[in-house]
Amino acid sequence: GESVGLHLPTLSVQEGDNSIINCAYSNSASDYFIWYKQESGKGPQFIIDIRSNMDKRQGQRVTVLLNKTVKHLSLQIAATQPGDSAVYFCAERNTGGFKTIFGAGTRLFVKA
Amino acid sequence: NAGVTQTPKFQVLKTGQSMTLQCAQDMNHNSMYWYRQDPGMGLRLIYYSASEGTTDKGEVPNGYNVSRLNKREFSLRLESAAPSQTSVYFCAGRTSSGSDEQYFGPGTRLTVT
């Protein structure tokens, strides 16, 4: 079936370095993509989103890149901080739809 | 403004027991969702309610029922709990404004023995 997946389940980075979390999606009908952050013991928190008519979107210290040709999504975190340690999920859905499909998640460890 | 709240935070059930997980939001969300999250996995949609008065099945609805009591409240019921339903359950809400910014509750950790 259709799925959203991640290339790496765990990522470890040095504090201050940039982090890149990758995600592959397979549903070519999806036109809206989202990144969520989940800290231990908490619910997921929205980080940033991007629509399929864009290939890049920037937020505060975060950038999402979308490559529709290879069905690839990435989240870049600049100057990674200890507070960025969490599990990051990519998700996809169709605009106007109600079903969001979540990937399995990537755990980010930030070393001091 | 409490956001999305869930009760209880923790629950232990014996196989065959029933219970209702409560969710309420004060963010004027039109749509609401119930997900389950198993260890090392992403979230899977159980049921959702696109608007008050409507509910629909998600990816894993078997063994669950839901009620959209009003715009604020969306409950999830387990009629006869099974060990396979041991999980963390998250409720979420979303406004139909074009963004998929779902706001999640803190979760209910359910163990079925």
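Up top is the structure these notes are about.
Remember, predicted model here, so these are calculated numbers, not experimental data.

Novice: So what exactly am I meant to see when it comes to the overall build of chain B here?
Specialist: Tallying secondary structure elements over chain B gives zero helices and eleven strands in all. The order of α-helices and β-strands along chain B, N terminus first, is β-β-β-β-β-β-β-β-β-β-β. Over its C-alpha atoms chain B spans a radius of gyration of 13 Å, differing by no more than 12% from the 13 Å that the globule rule assigns to 113 residues. Projecting the C-alpha coordinates of chain B onto the three principal axes gives extents of approximately 40 × 30 × 25 Å. Split into buried and exposed, the 113 residues of chain B put 48% on the buried side. Sequence separation of at least 24 residues holds for 55% of the intrachain contacts in chain B that already meet a minimum separation of 6. Looking at chain B as shown, the accessible area adds up to about 5,100 Å², and 49% of this sits on carbon and sulfur atoms. Side-chain charges in chain B split into 11 positive and 9 negative, and the spacing between the mean points of these groups amounts to 6 Å.

Novice: Even after reading the chapter, I still don't get the interface of chain A and chain B, so can you show me in this structure?
Specialist: Interface size is commonly expressed as the accessible surface area that is lost when the partners come together. Chain A puts 20 residues into the contact, and the matching count from chain B is 22 residues. At the junction of chain A and chain B, the tally comes to zero salt bridges. Along the contact surface separating chain A from chain B lie four residue pairs in polar contact (both at pLDDT 80 or more). Elements with a minimum of two residues in the side of chain A that touches chain B: β4 (32–38), β5 (45–51) and β9 (86–93) of chain A.

Novice: Whenever I open this one, the pattern of salt bridges confuses me. Can you help?
Specialist: When charged atoms on two side chains of opposite charge get close, those side chains can pair. One pass over the full model with this rule turns up six salt bridges over all chains. With its nearest N and O atoms 3.9 Å apart, the salt bridge here joins K42(A) to E39(A). Since its relative accessible area comes to 28%, E39(A) is described here as partly exposed. Among the charged side chains, a salt-bridge network with shared partners connects R36(B), D38(B) and R44(B).

Novice: Help me understand the environment of W35(A) in this model?
Specialist: All names here are of chain A. Its location among the elements puts W35 in strand β4. Exposure remark for W35: the relative accessible area of 0% places this residue in the buried category. With 65 residues separating them along the chain, W35 and T100 place their C-alpha atoms 11 Å apart.

Novice: Would you mind going over the side chain of Q85(B) with me for this structure?
Specialist: All names here are of chain B. When you line up the elements, Q85 lands in the loop between β8 (74–78) and β9 (87–94). You can call Q85 buried: its relative accessible area is 5%. From its side chain, Q85 meets the backbone oxygen of G63 in a polar contact 3.2 Å long. In this structure Q85 touches R36, N62, G63, Y64, L78, S80, L110 and V112, once residues within four positions along its chain are discounted.

Novice: Explain the sheet that holds strand β1 (residues 4–7) of chain B to me, please; I cannot follow it from the model alone.
Specialist: Two strands in a sheet stick together by hydrogen bonds in their backbones, pointing the same way (parallel) or opposite ways (antiparallel). All names here are of chain B. The strand order across the open sheet formed by four strands is β1-β3-β8-β7, and the pairing between neighbours is antiparallel. Each end of this open sheet is capped by a strand with a single partner; those strands are β1 and β7 (64–68). For this sheet the average axis-to-axis angle between neighbouring strands, irrespective of direction, equals 15°. Two strands pair when backbone bridges link them, and strand β3 (residues 19–25) and β8 are joined in this way by three bridges, in the antiparallel orientation. Residue pairing in the sheet places L21 in a bridge with L76 of β8.

Novice: Help me understand the packing of aromatic side chains, please; the structure alone is not making it clear to me.
Specialist: Ring pairs (aromatic) are described by centroid distance and by the angle formed between their planes. For the coordinates displayed, the defined rule picks out twelve aromatic pairs over all chains. Where Y25(A) meets F33(A), the ring centres are 4.5 Å apart and the plane angle is 45°; that geometry is what we call tilted. The residues Y25(A) and F33(A) share a single accessibility class, namely buried. The interplanar angle of 85° and the centroid separation of 6.5 Å between the aromatic rings of F90(B) and F104(B) together place this pair among those described as edge-to-face. Remark: F104(B) occurs in strand β10 (residues 103–104) and F90(B) occurs in strand β9; sequence separation between them is 14 residues. Residue F90(B) shares its accessibility class with F104(B), and that shared class is buried. An aromatic cluster is defined as three or more aromatic residues linked by ring pairs; in this entry it consists of Y36(A), F46(A), F98(A), F102(A), Y33(B), Y35(B), Y48(B), F90(B) and F104(B).

Cut-offs used in this document
Residues numbered from 1 in each chain as written. Chains lettered and ligands numbered in written order. Predicted model: local features only at pLDDT ≥ 70, side-chain atom pairs only at ≥ 80, totals over all residues. Heavy atoms only, no water. Helix = DSSP H or I, 4+ residues; strand = E, 2+ residues; numbered from the N terminus. Rg over C-alpha atoms; globule rule 2.2 N^0.38 Å. Buried < 20%, exposed > 50% of the residue type's maximum accessible area, 1.4 Å probe, protein only. Contact = heavy atoms within 4.5 Å. Areas by Shrake-Rupley, 256 points an atom, 1.4 Å probe, with all protein chains shown as cover. Lys, Arg positive; Asp, Glu negative; His and termini not counted. Charge placed at Lys NZ, Arg CZ, Asp CG, Glu CD. Salt bridge = Lys/Arg side-chain N within 4 Å of Asp/Glu carboxyl O. Polar contact = N/O pair within 3.5 Å; in protein donor to acceptor, adjacent residues only side chain to side chain. Pairing = 2+ DSSP bridges. Axes fitted to C-alpha atoms, helices over the stretch in contact; angles between N-to-C directions. Phe/Tyr/Trp six-rings, centres within 6.5 Å; stacked < 30°, edge-to-face > 60°.

Any functional reading would require information that these geometric values do not contain.
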